[in-house]
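One letter stands for each residue in the lines below.
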Amino acid sequence: MTDLPLADLDAFVAVARERSFRAAARLRGVSPSQLSEAVRRLEERLAARLLNRTTRSVTPTEAGERLIERLNPAILDIRSALEAVGETSGQPVGRLRLNVPSAVAHFILPDILDPFMELYPGIVVEITADDRFLDVLAGGFDAGIRYGERLESDMIAVPIGPREQRFITAAAPAYLARHGTPQRPGDLLAHRCIVHRFLSGAMPAWEFPEEGRMVRLQPPARFVSNLAGLEVGAAEAGHGVIRTFEEFLKPAIDAGRLVRILVTWDESFPGPYLYYASRRHVPPPLRAFVDFLRAHRRRQQRDGDVPQEDAE
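On a predicted model such as this, the values are computed, not experimentally measured, just so you know. (Residues numbered from 1 in each chain as written. Predicted model: local features only at pLDDT ≥ 70, side-chain atom pairs only at ≥ 80, totals over all residues. Heavy atoms only, no water.)

**Q** Account for the nonpolar core, with residues named and values stated.
**A** Soluble globular proteins tend to bury their nonpolar side chains together. Residues Phe116, Leu274 and Phe289 are the most contacted members of the largest nonpolar core, which totals 57 residues. It is helix α10 (residues 284–303) that provides the largest number of residues to this core, a total of six residues. Setting aside chain neighbours within four positions, we find Phe116 in contact with Leu96, Ile123, Val125, Pro285, Ala288, Phe289 and Phe292. The next biggest cluster of nonpolar side chains, apart from the first, holds 19 residues, and it includes Phe12, Ala16, Val58 and Leu71. (Core = buried A, V, L, I, M, F, W, Y, C linked by side-chain atoms within 4.5 Å. Buried < 20%, exposed > 50% of the residue type's maximum accessible area, 1.4 Å probe, protein only. Helix = DSSP H or I, 4+ residues; strand = E, 2+ residues; numbered from the N terminus. Contact = heavy atoms within 4.5 Å.)

**Q** Break down the packing of aromatic side chains for me, with residues and values.
**A** Under the criterion given, the structure shown has 10 aromatic pairs. Between Phe167 and Phe269, the ring centres sit 4.8 Å apart and the planes meet at 35°, which makes this aromatic pair tilted. Of this pair, Phe167 sits in strand β7 (residues 164–171) while Phe269 sits in strand β14 (residues 267–270), and the two are 102 residues apart along the sequence. By relative accessible area, which is 14% here, Phe269 ends up buried. With 6.0 Å between their ring centres and 75° between their planes, Phe245 and Phe248 make a pair best called edge-to-face. Assigned by exposure class, Phe245 and Phe248 land together as buried. A cation sits over an aromatic face here: Arg163 above Tyr273, 4.5 Å from the ring centre. (Phe/Tyr/Trp six-rings, centres within 6.5 Å; stacked < 30°, edge-to-face > 60°. Lys NZ or Arg CZ within 6 Å of the ring centre and 35° of its normal.)

**Q** I'd like a rundown of the environment of Glu246, residues and numbers included.
**A** Its location among the elements puts Glu246 in helix α9 (residues 246–254). Residue class for Glu246 comes out partly exposed when judged on its relative accessible area of 22%. Excluding anything up to four places from it in sequence, Glu246 contacts Arg166, Ile168 and Arg260.

Put into C-alpha cells, the structure is as follows:
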C-alpha cells in the first residue's frame, strides 16, 4: 500500500470535501472524468468503496470517512512542504483555503483580500462561506473564521476585521405604519418577523441586552430563509421586522427603505477571529496571511482606527 499515488489520494479528498466531482474538478482545473478515474483507481487499489455516488449527490462511505480523517492532516503537511520548496521567487506560493461565515465573506474579507492578493500574486485564495462551526483540518481547510465560539487548546486565534459589531432591529416604514412600532423586545411577540435559519436547521432566539441581563425570545416567523439578501428584501417589502448584522441593514436604512427600531436594545458583540491549528509547520500561504493580518492591525492602531487594547 505504500506506493499509493498521492495525486489519487488528493483527488479523493477533494471530491469528498466538495461532495461533487464537477465542483472539485472546477476548483482544480481538471475534468470530472479525470477525478472519477483517480478515485476509481484508489478504490480498486484499496479494494474498498470510498464514495457513494448517485445522480444527485456524492457522499463518503464509512470507509471513506475514516480515510479522510487520517488523510487530511497528512495532505496539508505535504502541501505545505511542497509549497515551501516551490518558493523560488522569494514569495509564498500555493493555495489558501478558508472557511468563513457568510457575514464575514460579505463585509470583512473583500477589503482585506484585495490588498493581500495584490501583495502575493502566487497565492490562490479559496473561500468557502459556511455558518456552521467545522473542524477546519478535517474539512481540508487551512484556517477558519468564526465569532466567539470556544476554540480547542491547540488552536491559535488572530483578530480579523472590526473588534466590535452589532445586531440591530429594523422594519420598513410601510410595515410600521400598518402594525405600529414595537417599543420593547417583548412587543415583537405580537409582530411578524423575518427569521434566519442556519443550514443545521437551527433558528436561534433573538437576544436583547437589558439592565445587565440578556432577554431572549423566539420571534413569530412570517418569513424564514438562510440567505441574508432574501431576508433583507422581505423586510424592505414590508413583510416583517428583521434583526441581524448592522452591515446587512445599513444600506437600506441609509436609503430610507428600512427604519431602525428598538435602538436601546442593539446587541454589541466581539468581532471575528481567524483560527488555525497550532503546529510547527504552518503552510506558507497561511503564514503570509496571518502576518498580513497582524501588520494590517498594527497599521490601524498607528492610524487610530483600532484601540490600543484591541491591537496585537
